[in-house]
Amino acid sequence: MTLSHSQSAQTLPFEPLMQRNAAITEARWVRATLTAIAILFLAGFLLLPLLSVFVTALSKGIGAYFASFGSAETQAAIKLTLLAAGIAVPANLVFGLSAAWAITKFEFRGKQFLMTLIDLPFSVSPVVAGLIYILVFGAQGWAGPWFSAHDIKVVFAVPGIVLATIFVTFPFIARELIPLMQELGTDDEQAALSLGASGWQTFWHVTLPNIKWGLLYGVLLCNARAMGEFGAVSVVSGHIRGLTNTMPLHIEILYNDYQFVPAFAVASLLALLALITLAAKSLLEWRFADQLAATRRH
Amino acid sequence: MSMAAARADAAELLNASYDVARAVYQDLNLAFIADWKQKTGESLTIDQSHGGSSKQARAVIDGLEADVVSMNNPLDIDAIAKAGLLPLDWQARLPNHSSPSWSPILFIVRKGNPKNIRDWDDLIKPGVQIIIPNPKTSGNGRYSYLAAWQYARSKPGGSDDTAIVFEQKLFANVPVLDTGGRGATTTFAQRELGDVLLTFENEVSLIRGEFGADKFRVVIPSLTVRADNPIALVDKVAAKKNTTKAAQAYLQFHYTRAAQEIFAKNGLRPIDAAVLKAHAAEFPAVNVFDVDQAFGGWPKAQADHFADGASFDKIIAAAHR
């Protein structure tokens with residue numbers, strides 16, 4: 001080390017004493033001001049509210065905090081949220097992979113239309129997302145009477161909640177994979193196929209390893225949204241306590257009942273989920289930065 | 001096997017109810033379940049769904065399978081009746097227009113009553129800030145608005161014209177219009193905005209319990225409105241679920257002495273005169289009118305005052321000019 005260092009110092013005797021980024025030409029105070037504004041903004045709009053969730057949750061002590069999770073209704077809400085996410089995420093995993101695979105590896109008519117369709121849940125308000133299911137499956141909706149006659153409950157029951165959750169989380173995985181797979185191109189797959197691999201082998205041994213980190217990231221985001229969705233689920237829930245309330249809906253009910261500690265305790269669970277998602281994302285980016293960059297630079 | 005059989009026997013009722021009735025029904029449901037078990041030997045489950053009264057009515061119309069609805073406004077049950085789920089004359093099926101409890105609109109002021117608020121006239125004085133939820137979106141706000149109207153036109157020389165002027169002055173003193181009763185309570189009690197909150201009597205005990213009994217004082221105005229809390233069987237749903245008998249018994253149970261006591265304990269005025277008398281300390285005498293007598297029924301009051309472009313819209317436009 002020291003040798004190579006002294007060598008480089010010898011070969012480059014006029015190395016500048018201070019490294020400067022030539023692109024930065026603004027005065028020091030301008031940079032400092034901009035940085036300060038960014039930090040203040042982040043602290044004021046993100047960090048402070050997040051912190052206040054935990055402060056309120058713990059305002060009556062750690063005992064009261066954990067006691068909040070003891071009520072049957074809270075536990076039912078947590079279970080329902082896990083169930084809805086547990087169905088919505090795998091469903092969107094399968095769908096997102098298939099859609100991204102189809103769109104990036106093949107050419108077909110209506111491809112652009114399919115991509116627009118996938119983006120629809122991003123552009124539609126969650127309230128509308130809930131209402132469309134009421135309009136279809138509600139008692140006044142066009143399919144509602146048929147389901148009612150066959151004793152199948154869709155809206156104001158668990159199936160409706162799962163449907164609404166799938167709808168709002170639809171684009172997350174596909175949207176994460178499509179650009180990544182577009183950049184990767186089809187060269188690797190074509191090579192594998194020409195060497196005699198089957199379609200499934202190609203997917204399993206060539207495509208999947210290339211996209212695994214992007215896929216994992218998509219799953220994380222999808223899961224966070226599935227657990228946190230309020231608007232669409234609120235419309236189709238029916239708010240039956242202990243039966244059709246998810247965590248976000250339960251938080252609102254607790255808050256409206258002036259049960260601030262339990263409300264914020266449940267909210268802190270969701271906030272924790274967000275923090276874990278963020279941490280996992282950062283870890284992925286840090287640990288596998290080279291691989292991610294490599295696949296993205298192809 | 002026996003578990004499955006027991007579950008098949010156990011009827012399950014769903015009561016779609018308004019937002020603040022949660023505490024009442026926690027007690028009342030337990031009492032009825034015990035009573036029903038004793039009388040019939042059947043075990044019963046009663047699920048509760050709570051939300052804004054009108055939102056709940058909408059959900060029942062759209063297929064929320066509630067056997068029973070309990071609302072804070074007859075208009076919401078009328079809407080369900082119009083959708084064909086229960087008969088239009090539902091109010092005649094149970095005593096007291098199908099309303100087993102009621103609550104008057106009262107004033108809540110801060111400790112020591114610093115602005116010296118005694119009656120409606122004190123609310124329109126300059127510098128007084130009033131918290132009322134939006135009459136367009138909350139039953140709470142509608143009742144407060146109608147009470148002010150009735151007070152203004154009952155005064156010597158009063159008429160509908162003086163009532164409009166009175167409402168304009170009143171709403172000029174309202175700094176924020178929350179969308180619901182709970183929002184207004186939070187604005188007043190937690191964010192400490194305003195000098196006086198207009199709300200139902202049953203909110204008072206809750207506010208005292210949650211935010212400190214000595215921080216607020218109740219002021220009973222010389223005239224106010226009574227808000228009845230109607231209940232009804234949703235015939236179509238109960239018939240489909242085969243729960244009509246239990247649901248009807250549940251509704252009738254609301255009028256028993258035990259249930260009336262539960263209403264009283266939760267701050268709602270019971271219609272049973274004897275129970276009301278027993279709780280005279282919590283429920284001081286109030287001079288009340290009801291919307292049917294004074295405004296020709298809720299549908300008419302709604303059309304005259306709260307529909308788009310009706311009185312309230314004009315008053316708000318004038319108050320904020």
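Computed from a predicted model, the values in this text were never measured in an experiment.

Caption draft 1: Expanded view of the overall build of chain B. Along chain B, the regular secondary structure elements total 17 helices and 11 strands. Whereas a compact globule of 321 residues would reach a radius of gyration of roughly 20 Å, chain B reaches 21 Å, a difference of no more than 12%. Taking the principal axes of its C-alpha atoms as reference, chain B extends roughly 70 × 40 × 35 Å. The buried share of chain B, taken over its 321 residues, is 55%.

Caption draft 2: A look at the interface of chain A and chain B. Taken residue by residue, the interface counts 22 residues in chain A and 24 residues in chain B. Here chain A packs against chain B, burying approximately 2000 Å² in sum over the two surfaces, 50% of which is carbon and sulfur. The largest share of the area that chain A buries against chain B comes from A:F156, A:R241 and A:Y258, three residues that together contribute 34% of it. Counting every contact that joins chain A to chain B gives 3 salt bridges. Across the pair B:E65 and A:K153 runs a salt bridge, and its minimum N-O distance is 3.8 Å. There are 8 residue pairs in polar contact (both at pLDDT 80 or more) connecting chain A and chain B. Looking at the side of chain A that touches chain B, its residues break down into 9 nonpolar, 8 polar and 5 charged.

Caption draft 3: Representation of helix α5 (residues 111–123) of chain A. Residues and elements named next belong to chain A. Here α5 contains 13 residues, and its C-alpha end-to-end distance of 19 Å stays within 8% of the 18 Å for a straight helix at 1.5 Å per residue. Those residues of α5 lying buried are K111, M115, I118 and P121. Buried residues along α5 sit against α4 (72–105), α8 (158–169) and α9 (171–184).

Caption draft 4: Up close: the nonpolar core. With 41 residues, the main nonpolar core has B:W120, B:L123, B:I130, B:F171 and B:V196 as its most contacted residues. In terms of residue count, helix α7 (residues 139–154) of chain B provides more of this core than any other element does, 8 residues in total. Once residues within four sequence positions are removed from consideration, B:W120 is found in contact with B:F107, B:S144, B:A147, B:A148, B:Y151, B:F166, B:L198, B:P221 and B:L223. Within the second largest apolar cluster, 39 residues are counted, among which are A:L80, A:V154, A:A164 and B:I77.

Caption draft 5: Spotlight on the domain arrangement of chain B. All names here are of chain B. When cut into domains, chain B gives domain 1 (2–100 + 229–255) and domain 2 (103–226 + 286–319). In this complex, domain 1 contributes 7 residues to the contact, which on the side of domain 2 involves 9 residues. The contact between domain 1 and domain 2 buries some 750 Å² in all, and 52% of this surface belongs to carbon and sulfur atoms. Looking at the side of domain 1 facing domain 2, the largest losses of area belong to V20, N73 and L75, adding up to 53% of the total buried there. Our count for the domain 1 to domain 2 interface comes out at 0 salt bridges. The tally of links between domain 1 and domain 2 comes to 0 residue pairs in polar contact (both at pLDDT 80 or more). Its residues placed into classes, the side of domain 1 that touches domain 2 shows 3 nonpolar, 4 polar and no charged.

Caption draft 6: Representation of the packing of α4(A) against α8(A) within the structure. Residues and elements named next belong to chain A. One can describe the packing of α4 onto α8 by two numbers: an axis separation of 9 Å at closest approach and a directional angle of 50°. The angle between the axes of α4 and α8 places the two elements in the oblique class. Handedness of the crossing formed by α4 with α8: right-handed. Contacts from L80, L83, A84, I87, A88, A91 and N92 of α4 reach α8 at V158, I161, V162, T165, I166 and T169. For the contact of α4 with α8, a count of residues per class yields 10 nonpolar, 3 polar and no charged.

Caption draft 7: Structural detail: the pattern of salt bridges. The full count for this structure, using the stated rule, is 24 salt bridges over all chains. The residue B:R269 makes a salt bridge to B:E201 at a minimum N-O spacing of 2.6 Å. Taken together, the residues span a long stretch of sequence, with B:R269 in strand β10 (residues 269–270) and B:E201 in helix α10 (residues 201–211) at a distance of 68 residues. Accessibility assignment for this pair places B:R269 and B:E201 in one class, buried. Each of A:D151, A:K153, B:E65 and B:K240 takes part in salt bridges that share partners, so that together they form one network.

Caption draft 8: Looking closely at empty space enclosed by the protein. By the definition in use, this model includes 2 cavities of 30 Å³ or more. In this structure, the largest cavity encloses a volume near 60 Å³. In this structure, the largest cavity is lined by 14 residues; those nearest its centre are B:Y18, B:Y25, B:S101, B:N229 and B:F263. In terms of residue class, the lining of the largest cavity is made up of 10 nonpolar, 4 polar and no charged. A volume near 50 Å³ is recorded for the second largest cavity. Together, A:T81, A:A84, A:A85, A:T165, A:A226, A:M227, A:E229, A:V233, A:T246 and A:P248 line the second largest cavity. Elements represented by at least two residues in the lining of the second largest cavity include exactly α4 and α11 (199–228) of chain A. Examining the composition of the lining of the second largest cavity, we find that 3 residues originate from one element, α4(A), more than from any other. Among the residues making up the lining of the second largest cavity, the classes are represented as 6 nonpolar, 3 polar and 1 charged.

Caption draft 9: Molecular detail of the pairing of strand β2 (residues 44–51) of chain B. Residue and element names in this part refer to chain B. The buried fraction of β2 amounts to 7 of the 8 residues, a majority that puts the element mostly inside the structure. One ladder, built from 8 bridges, connects strand β1 (residues 11–18) with β2; its direction is parallel. The residue of β2 that forms the bridge with A11 is L44. With helix α2 (residues 22–40) bridging β1 and the parallel β2, this β-α-β connection has right-handed handedness.

Caption draft 10: Spatial organisation of the sheet that holds strand β3 (residues 68–70) of chain B. Residue and element names in this part refer to chain B. Strand order in the open sheet formed by 4 strands is β2-β1-β3-β9, with mixed pairing between adjacent strands. Looking along the sheet, the strands with just one partner apiece sit at the ends: β2 and β9 (231–233). Taken pair by pair, the neighbouring strands of this sheet meet at an average axis angle of 20°, ignoring direction. Of the pairings in the sheet, the one linking β3 to β9 comprises 3 bridges and is antiparallel in character. Bridge pairing in β9 links V69 to A232.

Cut-offs and rules
- Residues numbered from 1 in each chain as written.
- Chains lettered and ligands numbered in written order.
- Predicted model: local features only at pLDDT ≥ 70, side-chain atom pairs only at ≥ 80, totals over all residues.
- Heavy atoms only, no water.
- Helix = DSSP H or I, 4+ residues; strand = E, 2+ residues; numbered from the N terminus.
- Rg over C-alpha atoms; globule rule 2.2 N^0.38 Å.
- Buried < 20%, exposed > 50% of the residue type's maximum accessible area, 1.4 Å probe, protein only.
- Contact = heavy atoms within 4.5 Å.
- Buried area = accessible area lost by both parts, 1.4 Å probe.
- Salt bridge = Lys/Arg side-chain N within 4 Å of Asp/Glu carboxyl O.
- Polar contact = N/O pair within 3.5 Å; in protein donor to acceptor, adjacent residues only side chain to side chain.
- Nonpolar A, V, L, I, M, F, W, Y, C, P; charged D, E, K, R; others polar.
- Expected span 1.5 Å × (residues − 1).
- Core = buried A, V, L, I, M, F, W, Y, C linked by side-chain atoms within 4.5 Å.
- Domains from an automatic or database assignment.
- Axes fitted to C-alpha atoms, helices over the stretch in contact; angles between N-to-C directions.
- Parallel < 35°, antiparallel > 145°, perpendicular 65-115°, else oblique.
- Left-handed = near helix turned anticlockwise from the far one by under 90°.
- 1 Å grid on protein atoms, 1.4 Å probe; cavity = no way out; pocket = protein on both sides within 12 Å on 5 of 7 lines; lining within 4 Å.
- Points joined across faces, edges and corners; volume = space filled by probe spheres on them.
- Pairing = 2+ DSSP bridges.
- Right-handed = clockwise from strand over helix to strand, strands pointing away.

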